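Single-letter residue listing:
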Amino acid sequence: GWQPAWGGYLRADLLDTRRASIEQLKASGLTSAFLGLETLHRKAGDAVGKGWGARRAKTLLPQLYRQFADPGDHVNLHCNWIVGLPGEDEASIRATAEWARFHNFGSHRFVGLTLYLEKNDPAAASESTRWYADFGYSVPSDEKGNPDLTSGRWQDTNTGMTDGQARDLAVELNQLFT
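Computed from a prediction, not measured in an experiment: that's the story for all the values here. Sequence order sets the numbering: in each chain, residues are counted from 1 along the sequence as written. For a predicted model such as this one, the threshold for reporting local features is a pLDDT of at least 70, and the threshold for listing and counting side-chain atom pairs is 80 or more; totals across whole chains, interfaces and linings nevertheless cover every residue. Hydrogens are left out, water is left out, and the side-chain values use all remaining heavy atoms of the structure.

Chemist: Kindly report on the overall build of the protein chain, identifying the contributing residues and their values.
Modeler: Numbering of helices and strands runs from the N terminus; a helix is a DSSP stretch of H or I covering at least four residues, while a strand is a stretch of E covering at least two. A tally of regular secondary structure across the protein chain gives seven helices and six strands. Taken from N to C terminus, the helices and strands of the protein chain fall in the order β-α-α-β-α-α-β-α-β-α-β-β-α. Residue burial in the protein chain is summarised as follows: out of 178 residues, 42% are buried. In what follows, residue pairs with any heavy atoms lying within 4.5 Å of each other are defined as contacts. Sequence-distant contacts, at least 24 apart, represent 64% of the contacts inside the protein chain between residues at least 6 apart. Working definition of accessibility: Shrake-Rupley area with a 1.4 Å probe, residue cover restricted to the visible protein chains. Approximately 9,800 Å² of the protein chain is accessible, and the part contributed by carbon and sulfur atoms is 50%. Computed over 19 positive and 22 negative side-chain charges, the inter-centroid distance for the protein chain is 5 Å. Buried, partly exposed and exposed residues are distinguished by accessible area as a fraction of the type maximum, computed with a 1.4 Å probe on protein chains only: under 20%, between the cut-offs, and over 50%, respectively. We treat Lys and Arg as the positive residues and Asp and Glu as the negative residues; His and chain ends play no part in the count. To locate a charge, take atom NZ for lysine, CZ for arginine, CG for aspartate or CD for glutamate.

Dropping the structure here:
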């Protein structure tokens, strides 16, 4: 009979704890899996609710890739990483890229952290934008001396990384995977 082919966003933490679901997903027609891992840095991961990756991703991802690489029902694996998460310095991000490159599985995309209010709408903001100071970011002030969250400009007060440095580093790291 007809078998749909589909791609989707999957939660690596659930794949890790529910291993039988991997074969079920493949049997359902999964052809492409997107994982928003964001970081392997434990402190940064914990700060943004992605602590699983720092603890388990290095174990699960190579195994997952091997399971997805079966010639008869190959699944493309794509991992997303964020550059500029709170407390994660350049050396840690580079180590993540080198680890991913060494293991040579799937595709990887590094993106610079965005920290801004779209249309000055606090309801549309991420947790890190709403509580930027609690996450260790500073933002420029507007002409009245108030925090300007519409510019997208930020600096991590722990590492010194800025929005521009994060974007530039993401571009550089993406070149490793082309």
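Chemist: Run through the pattern of salt bridges, naming residues and quoting values.
Modeler: Each salt bridge in this description consists of a side-chain nitrogen of Lys or Arg and a carboxyl oxygen of Asp or Glu lying within 4 Å of one another. Overall, the coordinates contain 11 salt bridges when judged by the stated rule. Put simply, Asp-163 and Arg-167 hold a salt bridge, and the shortest N to O gap is 3.1 Å. With Asp-163 and Arg-167 both in helix H7 (residues 163-175), this residue pair falls four residues apart, about one helical turn. Each of Asp-16, Arg-19 and Arg-56 takes part in a single network of salt bridges with overlapping partners.

Chemist: How would you sum up the sheet that holds strand E3 (residues 76-83)? Please name residues and give values.
Modeler: Within the open sheet, the four strands sit side by side as E1-E2-E3-E4. Their pairing is parallel. Each end of this open sheet is capped by a strand with a single partner; those strands are strand E1 (6-9) and strand E4 (107-112). The mean inter-strand angle of the sheet, taken between neighbouring strand axes irrespective of direction, is 20°. DSSP calls a pair of strands paired once it identifies at least 2 bridges connecting them. For strand E2 (residues 30-38) and E3, the ladder comprises six bridges, and the chain directions are parallel. Following the sheet pairing, Phe-34 is matched in E3 by His-78. In this description, a line fitted to the C-alpha atoms serves as the axis of each element, helices being fitted only across the stretch in contact, and the angle between N-to-C directions of two axes falls anywhere from 0 to 180 degrees.

Chemist: Before we move on, could you go through empty space enclosed by the protein and cite the residues and values that matter?
Modeler: Any empty space left between the atoms is revealed when a probe the size of a water molecule rolls over them. We place a 1 Å grid over just the protein atoms. Points where a 1.4 Å probe fits but has no way out form a cavity, open points with protein on both sides within 12 Å along at least 5 of 7 lines form a pocket, and any residue with an atom within 4 Å of a point lines it. Grid points are joined across faces, edges and corners, and a volume is the space filled by probe spheres set on the points. One pass over the full model with this rule turns up one cavity of 30 Å³ or more. Of the pockets and cavities examined, the largest cavity occupies roughly 40 Å³. Lining the largest cavity, in full, are Glu-38, Thr-39, Leu-40, Trp-81, Ile-82, Val-83, Glu-88, Ile-93, Thr-96 and Phe-110. In terms of residue count, the dominant contributor to the lining of the largest cavity is E3 (three residues). Side-chain classes are defined by residue name, with Ala, Val, Leu, Ile, Met, Phe, Trp, Tyr, Cys and Pro counting as nonpolar, Asp, Glu, Lys and Arg as charged, and the others, Gly among them, as polar. Among the residues forming the lining of the largest cavity, the class breakdown is six nonpolar, two polar and two charged.

Chemist: I'd like a rundown of unusual backbone geometry, residues and numbers included.
Modeler: The residue Glu-38 is not glycine, and still its phi comes out positive at about 75°. Residue placement: Glu-38 occurs in strand E2. Phi is positive for Asn-104, close to 50°, though the residue is something other than glycine. Mapping Asn-104 onto the fold places it in the loop between helix H5 (90-103) and E4.

Chemist: Kindly report on the nonpolar core, identifying the contributing residues and their values.
Modeler: With 43 residues, the main nonpolar core has Leu-35, Leu-61 and Leu-64 as its most contacted residues. Among the elements of the structure, helix H1 (12-17), helix H2 (20-27), E2, helix H4 (51-68), E3, H5 and H7 are those that each provide at least two residues to this core. Per-element accounting of this core gives the leading share, six residues, to H4. With residues near it in sequence (within four places) discarded, Leu-35 still touches Leu-10, Ala-12, Leu-15, Leu-61, Leu-64, Leu-77, His-78, Cys-79 and Asn-80. The nonpolar core is taken to be a set of buried Ala, Val, Leu, Ile, Met, Phe, Trp, Tyr and Cys residues, with the residues joined through side-chain atoms within 4.5 Å.

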